[in-house]
Amino acid sequence: MCGKGDEAQDDCGSREEWTLLFWTSVAVVVPVIITLWCSAQRSKRKSHMKDFFRKSKHGWHYTDLFNKPTYCCVCSQHILQGAFCDCCGVCADEQCLRRADRSLSCKEIMAPSSPEGAMEHRWVRGNVPLASYCAVCKQQCGTQPKLCDIRCVWCQTTVHDDCMESLTDGDVCDLGEFHNLIIPPHYLYRVNKLRRRHPDEYSKVLKSRLASGWTPVLVLANTRSGNNMGEVLLGEFRTLLNPVQVFDLSQLTPSKALQLCTLLPPGSVQVLVCGGDGTVGWVLDAIDAMKLKGQDQFIPRVTILPLGTGNDLSNTLGWGAGYAGEIPVEQVLRNILDAEVVKMDRWKVQVASKGVYFRKPKVLSMNNYFSVGPDALMALSFHAHREKTPSFFSSRIINKAVYFLYGTRDCLVQECKDLDKRIELELDGERVKLPSLEGIIVCNIGYWGGGCRLWEGMGDEPCPPTRLDDGLLEVVGVFGSFHCAQIQVKLANPVRLGQAHTVRLVLKSSTMPMQVDGEPWAQGPCTITITHKTQAFMLYHSAEQTDDDDDETSASETESPTPHDSPRAAGPASAQA
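What you see is a predicted model; the values in this text were computed from it and never measured. (Residues numbered from 1 in each chain as written. Predicted model: local features only at pLDDT ≥ 70, side-chain atom pairs only at ≥ 80, totals over all residues. Heavy atoms only, no water.)

A. Quick look at the overall build of the chain. When helices and strands are tallied, the chain shows 15 helices and 26 strands. Within the chain, the proportion of its 577 residues that are buried is 46%. Counting every atom, the chain has about 29600 Å² of accessible surface; 54% of that belongs to carbon and sulfur. (Helix = DSSP H or I, 4+ residues; strand = E, 2+ residues; numbered from the N terminus. Buried < 20%, exposed > 50% of the residue type's maximum accessible area, 1.4 Å probe, protein only. Areas by Shrake-Rupley, 256 points an atom, 1.4 Å probe, with all protein chains shown as cover.)

Okay, structure coming up:
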């Protein structure tokens, strides 16, 4: 009897174990299957959405969570997720998306004007910007928890639903605060019609627009630069401007984007480059290509919204060391309206490898600086790792931290020591005797290394003034990575080797790291010649000075009768030149 009872207990215990194992397996496997199914459905939905967005006339973007209270422009219901158009501001949930695409029109980049010649408002209801005020009663709009109030997608005027009948100018749209920067759709429609059929009338239209002081801006954004803000900025600029003025450089090259300049009044166009110094160089090279095509009269003026890591050229021109959304894009456009034109030297760097006689020398364009030594080694190491894992280098802070680590490593290894024994330097044809250096830096602008005024150093020694348009290069030497770090925190001065119109370096032996404007490579024995190439028209922003800046300026003027430069640093002076 006891034996049978024990067997029954064993069978019961075994059954319970198998039951527990089964339900444990179900608890683990079922969530995994559900997650995989949801992921597959999400991927499938995104694929359908992407195809739909590509064919649509709206600039749709899907989001899983809106960052402010949002209402569907079709069904008027509150929505947490859905799609929005970054051109006209229309929002819709997933169920209403196709209906919204059919029934609600977007900004027209090219359209005829009204019979009276005036442009009409293009109203969109609901989801007005935060802190927007009614043009009639001056009270805040969008305060009710529903789809309410309207906004013009061109002039950004907002009006209460109840105040619409009291709007004084009716349907006439003047394009608002930034009318001098916007390309009106009726202008493109007209010039496109007249350009081939009536060239005389076309010329008259261009001259009349030029006489009115119109200075349209083209926005060229690199979505891969620095802190990956390019995608957001593209949407914000499309909202304020004509979408035809805003270009994504990951989809269209600068040379193709700049062809729009030929449809606009000569000498009136401004180009805002959203990216790092490398992106600015890319755009300036495209402008040089316009000169080769005989399009000199359409050359635009260039300004910068710094999204890269170093942003030394932007810093030199007064646009800051880096943009992270601290000021709205409206203020960026206001700063462009207030900016002044300066000239900037551009240089040709010719690299002729030793022993290679049948290959053309490597030719590069330089805006900022050329260097050989520890800072080029840091840039080369950073570039190599960024090519392997680009997703890791998506933050300006991370990028600078990686540069710091490579600099610290080089302080211990000293891979570039005895540079003075491996290289010869000539300034305007005269040989320069070198001290025991690890690096040589040839500068065209005032800033270097992410915000350091290299030529001035600590500012405790008199040095020749520098300008952006003087046709001179400043040549300095550094003793190593640690010396570079000391210069950046103003604890040491560089070795000032001189100023010159032409710089020639001969690398006699071994392979050394080199860079031009942050683009590094490893170079064997060669001859490097840097000569003047051309001048570019840039926009300089005179930022308001603080009390500390005023004190420093007055102190420097007391020490020397010739103050240091202003956009490198020659702001007003360069404008007069």
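B. Just the pattern of salt bridges, in detail. In the structure shown here, the tally under the stated rule is 14 salt bridges. Two residues, Asp 288 and Lys 291, come together in a salt bridge whose shortest N-O distance is 3.8 Å. Here Asp 288 and its partner Lys 291 are both found in helix H7 (residues 277-292), three residues apart, which amounts to about one turn of the helix. Classification of Lys 291 by relative accessible area gives partly exposed; the value is 25%. With its nearest N and O atoms 3.9 Å apart, the salt bridge here joins Lys 508 to Glu 424. With a gap of 84 residues between them, Lys 508 in the loop between strand E23 (503-507) and strand E24 (512-516) and Glu 424 in strand E16 (residues 423-427) connect regions that are remote in the sequence. Among the residues examined, Glu 424 registers a relative accessible area of 21% and is labelled partly exposed. (Salt bridge = Lys/Arg side-chain N within 4 Å of Asp/Glu carboxyl O.)

C. Quick look at the pairing of strand E11 (residues 270-275). With six of six residues buried, E11 is to be regarded as a mostly interior element. Residues of E11 alternate between two faces, with Gln 270, Leu 272 and Cys 274 on one and Val 271, Val 273 and Gly 275 on the opposite face, all of them buried. Of the pairings in the sheet, the one linking E11 to strand E12 (residues 301-306) comprises six bridges and is parallel in character. Looking at E12, one finds that Cys 274 is bridged to Leu 305. Handedness of the crossover joining E11 and E12 through H7: right-handed. (Pairing = 2+ DSSP bridges. Right-handed = clockwise from strand over helix to strand, strands pointing away.)

D. Summary view of the sheet that holds E24. With antiparallel pairing, the six strands of this open sheet are ordered in space as E22-E21-E18-E15-E24-E25. Only two strands of the sheet have a single partner each, and these edge strands are strand E22 (495-500) and strand E25 (519-523). When strand polarity is set aside, the average angle formed by the axes of neighbouring strands in this sheet is 15°. In this sheet, strand E21 (residues 473-478) lies alongside strand E18 (residues 439-443) in antiparallel orientation, the contact comprising five bridges. Bridge assignment links Ile 440 to a residue of E21, and that residue is Gly 477. (Axes fitted to C-alpha atoms, helices over the stretch in contact; angles between N-to-C directions.)

E. View of the confidence of the model for the chain. Per-residue confidence for the chain gives a mean pLDDT of 83; residues scoring 70 or more make up 85%. Looking across the chain, the model is least confident in helix H15 (residues 571-576), with a mean pLDDT of 34, and most confident in strand E9 (residues 217-221), with 96. In the model, residues 545-577 has pLDDT below 50 throughout and makes 49 contacts with residues more than four positions away in sequence or in other chains. (pLDDT = per-residue confidence, 0-100. Contact = heavy atoms within 4.5 Å.)

F. Examining a nonpolar patch on the surface more closely. Together, Val 28, Val 29, Val 32, Ile 33 and Leu 36 make up a nonpolar patch on the protein surface, roughly 450 Å² of accessible area in all. Within the secondary structure, Val 29 sits in helix H1 (residues 2-55). (Patch = residues over 30% accessible without salt bridge, like charges linked within 9 Å, V, L, I, M, F, W, Y side chains within 5 Å.)

G. Region of interest: the packing of aromatic side chains. A complete count under the given rule lists four aromatic pairs for this structure. Judged by centre distance (5.1 Å) and plane angle (75°), the ring pair of Phe 22 and Trp 23 falls under edge-to-face. On the basis of relative accessible area, Phe 22 is assigned to the partly exposed category, the value being 47%. Both rings, one in Phe 52 and one in Phe 53, keep their centres 5.9 Å apart while their planes meet at 50°; by these two values the pair is tilted. Neither residue differs from the other here; Phe 52 and Phe 53 are each classed as buried. Over the ring of Trp 154 we find Lys 107; its NZ or CZ atom is 4.8 Å from the centre of that ring. Positioned above the aromatic ring of Trp 521, the side-chain terminus of Lys 362 is 4.1 Å from the ring centre. (Phe/Tyr/Trp six-rings, centres within 6.5 Å; stacked < 30°, edge-to-face > 60°. Lys NZ or Arg CZ within 6 Å of the ring centre and 35° of its normal.)

H. The arrangement of the sheet that holds strand E8 (residues 158-159) in detail. Within the open sheet, the three strands sit side by side as E6-E7-E8. Their pairing is antiparallel. Two strands lie at the open edges of the sheet, namely strand E6 (123-125) and E8, each paired on one side alone. Bridging between E6 and strand E7 (residues 150-152) involves three bridges; their strand directions are antiparallel. Residue pairing in the sheet places Val 124 in a bridge with Arg 151 of E7.

I. Main features of the nonpolar core. Ranked by internal contacts, the top residues of the largest apolar core, which has 94 residues, are Trp 60, Tyr 187, Leu 218, Phe 237, Leu 241, Leu 272 and Met 538. Once residues within four sequence positions are removed from consideration, Leu 272 is found in contact with Val 217, Leu 218, Val 219, Leu 220, Phe 237, Thr 303, Ile 304, Leu 305, Val 332 and Ile 336. In terms of nonpolar packing, the next biggest core, distinct from the first, is built from 32 residues, Phe 370, Leu 497, Val 503 and Cys 526 among them. (Core = buried A, V, L, I, M, F, W, Y, C linked by side-chain atoms within 4.5 Å.)

J. Seen up close, the packing of helix H5 (residues 230-240) against helix H9 (residues 329-338). Here H5 crosses H9 at 70°, and the two axes come no closer than 10 Å. Classed by the angle they form, the pair H5 and H9 counts as roughly perpendicular. Relative to H9, H5 is oriented so that their crossing is right-handed. When H5 is examined against H9, the residues Leu 233, Glu 236, Phe 237 and Leu 240 are found in contact with a partner set consisting of Val 329, Glu 330, Val 332 and Leu 333. For the contact of H5 with H9, the per-class residue count stands at six nonpolar, no polar and two charged. (Parallel < 35°, antiparallel > 145°, perpendicular 65-115°, else oblique. Left-handed = near helix turned anticlockwise from the far one by under 90°. Nonpolar A, V, L, I, M, F, W, Y, C, P; charged D, E, K, R; others polar.)

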